[in-house]
Amino acid sequence: MEIEDLGRQLRARRLAHDATLAAVAERAGLSVPYIANLENGRGNPTLAALDRLVAALGARLVVVLAEPDAAPGDDAAGPPASLTRFAQSTRFRATARRLAEHTGRAEPAVRELLIEAMTRLGALAPDGGATDRDWQRVLDAATLVATAD
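Residues numbered from 1 in each chain as written. Predicted model: local features only at pLDDT ≥ 70, side-chain atom pairs only at ≥ 80, totals over all residues. Heavy atoms only, no water.

### Quick look at the packing of helix H2 (residues 21–28) against helix H3 (residues 32–39)
Close contact between H2 and H3 brings their axes to 9 Å; oriented N to C, the two are set at 110°. Comparing the axis directions of H2 and H3 gives the class roughly perpendicular. The two elements H2 and H3 cross, and the hand of that crossing is right-handed. Residue-level contacts link Leu21, Ala22, Val24 and Ala25 of H2 to Val32, Ile35, Ala36 and Glu39 of H3. Each residue belonging to the contact of H2 with H3 can be placed in one class, and the counts come to seven nonpolar, no polar and one charged. (Axes fitted to C-alpha atoms, helices over the stretch in contact; angles between N-to-C directions. Helix = DSSP H or I, 4+ residues; strand = E, 2+ residues; numbered from the N terminus. Parallel < 35°, antiparallel > 145°, perpendicular 65-115°, else oblique. Left-handed = near helix turned anticlockwise from the far one by under 90°. Contact = heavy atoms within 4.5 Å. Nonpolar A, V, L, I, M, F, W, Y, C, P; charged D, E, K, R; others polar.)

In structure tokens:
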């Protein structure tokens, strides 16, 4: 996995949990600039630091060794920047809150599921160039599926 992809995944998880850099840094015992650099695709983190950071984000670190010619997994890239921005919007947050209430799931878990699903669907956009309007449509479709009785 490239450091840029790791950074996108870390930011998406932090935003899904509605956590600030400072809050995550405190829980992980790392500095805010260190985490910000990682989220921006810079740095060379140790596995120990990543393990603490991922635990502070409510996940666990899994390291997989693959054959040199193996293609990266579909989920390795993380959400595109346009989705990361959209996930911070009032509309996304309000929809996630409503879906959490409807499904009885924790709101951070719903946000994370939405971001994961939207990332996969966004990969269908030509040249990976999904716009805010595209993300709104995908969010609407996810809402219809999640609330269908």
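Text resumes after the structure shown.
### Section: the environment of Ala106
In this structure, Ala106 sits in the loop between helix H6 (90–103) and helix H7 (107–122). Judged by its relative accessible area of 47%, Ala106 is partly exposed. For the pair Ala106 and His17, spaced 89 residues apart in sequence, the C-alpha to C-alpha distance is 9.8 Å. (Buried < 20%, exposed > 50% of the residue type's maximum accessible area, 1.4 Å probe, protein only.)

### Quick notes on the side chain of Glu39
Here Glu39 lies in helix H3. By relative accessible area, which is 4% here, Glu39 ends up buried.

### A look at the nonpolar core
Core analysis: the biggest nonpolar cluster contains 18 residues, and Phe86, Phe92, Leu114, Ile115 and Met118 have the highest contact counts within it. Sorting the residues of this core by element identifies helix H1 (3–16), helix H5 (81–86), H6, H7 and helix H8 (132–147) as the ones contributing at least two each. Setting aside chain neighbours within four positions, we find Phe86 in contact with Phe92, Met118, Asp132, Trp135, Gln136 and Leu139. (Core = buried A, V, L, I, M, F, W, Y, C linked by side-chain atoms within 4.5 Å.)

Any functional reading would require information that these geometric values do not contain.
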